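A closer look at the structure
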Amino acid sequence: MFKGKNPQQIARPMQHKGAFGSLTLTGNYTLDLKDGQCLRIDPGGSARDVTLSADWQKDGLWVEITNAADAAEDLVVKDPAANTIVTISQNEKAKIAYTGSAWVHFGIVTIALS
């Protein structure tokens, strides 16, 4: 019999320490798990390659990358074998995941940064 209470409760706010990061690049960059899962990356004046390290190749791992460039500078996201997964232009973000056998991106979203 239902007693009017939800039996499932969140005991505390959900958080993931170190999940968010902000980087300004000075060259191409290899992204490690320690860099965070939701990233705001400024290419730093030029288009840059952002390569996902082999640590990211675990089923279900994902990363969201926002291009925080102040000009028309692309971030070219590559897998550990240097294959391009997605190109993220200024004021865009993309979510990228590993399915256990392949890298996929779930579209590019245009955003307004402030």
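It should be noted that the structure appears before, not after, this text.
Anyway, here's the lowdown on the structure attached to this text. (Residues numbered from 1 in each chain as written. Predicted model: local features only at pLDDT ≥ 70, side-chain atom pairs only at ≥ 80, totals over all residues. Heavy atoms only, no water.)

1. A word on the overall build of the protein chain
Stated precisely, the cut-off is as follows: Segments assigned H or I by DSSP are reported as helices when at least four residues long, segments assigned E as strands when at least two residues long, and all are numbered from the N terminus. Exposure is judged per residue with a 1.4 Å probe applied to protein chains only, and the accessible area is read against the type maximum: over 50% gives exposed, under 20% gives buried, and values in between give partly exposed. The contact definition used throughout considers only heavy atoms, calling two residues in contact when any of these lie within 4.5 Å. Each accessible area is a Shrake-Rupley result for a 1.4 Å probe, and residues are judged covered by the shown protein chains and nothing else.
Each helix and strand counted, the protein chain has zero helices and nine strands in total. Counting helices and strands in the order they occur from the N terminus, the protein chain gives β-β-β-β-β-β-β-β-β. Within the span of the protein chain, comprising 114 residues, buried residues form 36% of the whole. Partitioning the intrachain contacts of the protein chain with sequence separation of at least 6 by distance along the chain shows that 44% fall at a separation of at least 24. In the structure as shown, the protein chain presents an accessible area of about 7,300 Å², 50% of it carried by carbon and sulfur atoms.

2. What about the side chain of Asn67?
This is how the line gets drawn: Any pair of N or O atoms that falls within 3.5 Å is considered a polar contact. Within protein, one atom must be able to donate a hydrogen and the other to accept it, and sequence-neighbouring residues count only if both atoms are side-chain atoms.
Following the sequence through the fold, Asn67 ends up in strand S5 (residues 62–67). Residue classification places Asn67 among the buried positions, given a relative accessible area of 0%. At a separation of 2.7 Å, a polar atom in the side chain of Asn67 contacts the main-chain carbonyl oxygen of Glu73. If near-sequence neighbours (up to four positions away) are discounted, Asn67 is found in contact with Ile41, Pro43, Glu73, Asp74, Leu75, Ile88, Ser89, Gln90, Asn91, Glu92 and Leu113.

3. A word on the pattern of salt bridges
The following threshold applies: By definition, a salt bridge exists where a carboxyl oxygen of Asp or Glu is found within 4 Å of a side-chain nitrogen of Lys or Arg.
Under the criterion given, the structure shown has two salt bridges. The residue Lys78 makes a salt bridge to Asp49 at a minimum N-O spacing of 3.3 Å. Taken together, the residues Lys78 in strand S6 (residues 75–78) and Asp49 in strand S4 (residues 48–52) connect sequence positions 29 residues apart. A relative accessible area of 23% places Asp49 in the partly exposed class. Glu64 is the partner of Lys93 in a salt bridge, and the nearest nitrogen-oxygen pair spans 3.7 Å. Taken as a pair, Lys93 in strand S8 (residues 92–98) and Glu64 in strand S5 lie far apart in primary sequence, 29 residues in all.

4. Digging into the environment of Asp74
By the element assignment, Asp74 lies in the loop between S5 and S6. The exposure class assigned to Asp74 is partly exposed, which follows from its relative accessible area of 28%. Here the alpha-carbon distance between Asp74 and Asn91, two residues 17 residues apart in the chain, equals 9.7 Å. For Asp74, the contacting residues outside a window of four places in its chain are Pro43, Ser46, Ala47, Arg48, Asn67, Thr87, Ile88, Ser89 and Gln90. For Asp74, the side chain forms a polar contact with the side chain of Ser89, separated by 2.9 Å.

5. A few points about the nonpolar core
Rule in force here: Remark: nonpolar core denotes a set of buried residues (Ala, Val, Leu, Ile, Met, Phe, Trp, Tyr, Cys) joined through side-chain atoms within 4.5 Å.
With 19 residues, the main nonpolar core has Leu31, Leu52, Val63, Ile65, Val77 and Ile96 as its most contacted residues. At the level of secondary structure, the elements contributing two or more residues to this core comprise strand S3 (38–42), S4, S5, S6, strand S7 (84–88) and S8. Every residue in contact with Leu52, bar those within four places of it in the chain, is listed here: Leu31, Val63, Val77, Lys78, Asp79, Pro80, Ile85, Ile96 and Trp103.

6. A short note on the sheet that holds S3
Quick note on the threshold: A pair of strands counts as paired when DSSP detects no fewer than two bridges linking them. In this description, a line fitted to the C-alpha atoms serves as the axis of each element, helices being fitted only across the stretch in contact, and the angle between N-to-C directions of two axes falls anywhere from 0 to 180 degrees.
Pairing is mixed across the open sheet formed by five strands, whose spatial order is S1-S3-S5-S8-S9. For this open sheet the edge positions go to strand S1 (20–24) and strand S9 (103–110), each flanked by a neighbour on one side alone. Taking the axes of each pair of neighbouring strands and ignoring which way they run, one obtains an average angle of 20 degrees across the sheet. Sheet analysis places S8 next to S9, joined by six bridges and oriented antiparallel. Residue Ala94 lies in a different strand from S9, and its bridge partner there is Ile108.

No statement about biological role is implied by the geometric values presented.
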